[in-house]
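The residues making up each chain are set out below.
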Amino acid sequence: MLKYLLKRTLLAIPTLIAISMVIYLVLSLAPGDPLGELANSPSITAQVRENIRRALGLDQPIYIRYVKWATAFLTGNMGYSFVSPVPVSELIWQRLPTTLWIVGSAYICAILVAFPLGVLSALKRYSWIDQLVTTFAFAGFSIPPFFTGLLFILLFSVMLGWLPFIYDSTLVVNSLGSLWQQIKQSIMPVAVLTLFQTAVLMRYIRAAVIEQLNLDYVRTAYAKGLSSWQVIIRHVLRNALIPVVTLIALDMPAVFTGALVTEQVFRVPGIGSLLIDSINRKDTPVVMSITFIYAILIVLFNLVADLLYSVLDPRIRY
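Residues numbered from 1 in each chain as written. Predicted model: local features only at pLDDT ≥ 70, side-chain atom pairs only at ≥ 80, totals over all residues. Heavy atoms only, no water.

Student: A description of a nonpolar patch on the surface should follow, citing residues and the corresponding values.
Tutor: On the surface, a cluster of nonpolar side chains totalling about 670 Å² of accessible area is made up of Trp101, Val173, Leu176, Leu179, Trp180, Ile183 and Ile187. When residues in the nonpolar patch are grouped by element, the largest group, five residues, is from helix α8 (residues 176–213). Relative to the helices and strands, Ile183 resides in helix α8. (Patch = residues over 30% accessible without salt bridge, like charges linked within 9 Å, V, L, I, M, F, W, Y side chains within 5 Å. Areas by Shrake-Rupley, 256 points an atom, 1.4 Å probe, with all protein chains shown as cover. Salt bridge = Lys/Arg side-chain N within 4 Å of Asp/Glu carboxyl O. Helix = DSSP H or I, 4+ residues; strand = E, 2+ residues; numbered from the N terminus.)

Student: Could you give an account of helix α4 (residues 62–74), with specific residues and numbers?
Tutor: Over its 13 residues, α4 extends 18 Å from the first C-alpha to the last, a length consistent with the 18 Å expected when each residue adds 1.5 Å. Turning to α4, its buried residues are Arg65, Tyr66, Trp69, Ala70 and Phe73. One side of α4 holds all its buried residues, which, seen down the axis, span an arc of 130 degrees. Structural note: α4 exposes Tyr63 and Leu74 on the side pointing more than 90 degrees away from its buried face. At its buried positions, α4 is contacted by α1 (2–29) and α13 (284–312). Positive backbone phi, at 90 degrees, marks Gly76, one or two positions downstream of α4. (Expected span 1.5 Å × (residues − 1). Buried < 20%, exposed > 50% of the residue type's maximum accessible area, 1.4 Å probe, protein only. Arc of directions from axis to C-beta. Contact = heavy atoms within 4.5 Å.)

Student: Break down the packing of helix α5 (residues 88–123) against α13 for me, citing the residues and quoting the values.
Tutor: Here α5 crosses α13 at 60 degrees, and the two axes come no closer than 10 Å. When the axis of α5 is compared with that of α13, the two are oblique. Of the two possible hands of crossing, α5 and α13 adopt the one that is right-handed. Across the interface between the two elements, Val88, Leu91 and Ile92 of α5 pack against Pro285, Val286, Ser289, Ile290 and Ile293 of α13. (Axes fitted to C-alpha atoms, helices over the stretch in contact; angles between N-to-C directions. Parallel < 35°, antiparallel > 145°, perpendicular 65-115°, else oblique. Left-handed = near helix turned anticlockwise from the far one by under 90°.)

Student: Hey, could you go over the environment of Lys7 for me, with residue numbers and the actual values?
Tutor: Relative to the elements of secondary structure, Lys7 occurs in helix α1. Residues Lys7 and Leu195, 188 residues apart in the sequence, show an inter-C-alpha distance of 38 Å.

Student: Which residues make up the packing of aromatic side chains, and what are the values?
Tutor: Each aromatic ring pair is characterised by the separation of its centres together with the angle its planes make. A complete count under the given rule lists eight aromatic pairs for this structure. Among the aromatic side chains, those forming a connected cluster through ring pairs are Tyr24, Tyr66, Trp69, Phe73 and Phe292. (Phe/Tyr/Trp six-rings, centres within 6.5 Å; stacked < 30°, edge-to-face > 60°.)

Just geometry here; none of it tells us what the structure is for.
Structure (structure tokens):
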């Protein structure tokens, strides 16, 4: 196991270097001037703008800028934002708690709902329960989150007036009343994300459980006198979880990098909205840092998924 872990870690290094080079090259060659907003400011002359460009190293060749950026990133220095005069790491840390609260809560809710419904749908195949759960899954899967968000806003905010449709980032939770306000303003974005994630997970879990139910070892377990509960929990779920673990592992990085569309719809000041805003304003250091952190998390959670395979299936050895 240790040898496999070391081998995968070493293989991940050139992969991440290649990803960082591609991202940096694409962002550097993208049309538009990163200091374009400064050109519209009458208080900043062309000479001052040129001095700022030299100070940020934008007058140097791309490969030199990349080496400097990569060296600094390894030490934890992500550089400074072109738009806000603050370090990129500070911007990300400011947005991370909100993203973890909204997207993390949604994913936990999705897992808690999808597992029992997916298993129940597989066990009661072609029954009215299966038809109801499958219809719910298709609806959640086929309706885009931005459209669901707009529907929720129209229904619960405009028509009923129950929930706020704009997330208040200045709210400080220091009492039961403020905690209730925080929960109220989080309900709609969490519900939108939960609906979509639940639908995706439920379809995978249902298919994986159905595939296991038809195998010989399940019939053998029933023939030995085990109850349905014992067969499902001890045998079927353990084998059915392997493809589901892969899906969850690939989705986990999104918990840290935010939900791009949903955060925009509800004005949630998370990392997803920071990324969209940075792309629109050509703030290359912020875009580069967020996308590269996402790539690191993808590689990391893929490794975690591989390690979990051996836990779920003892036949897998590394």
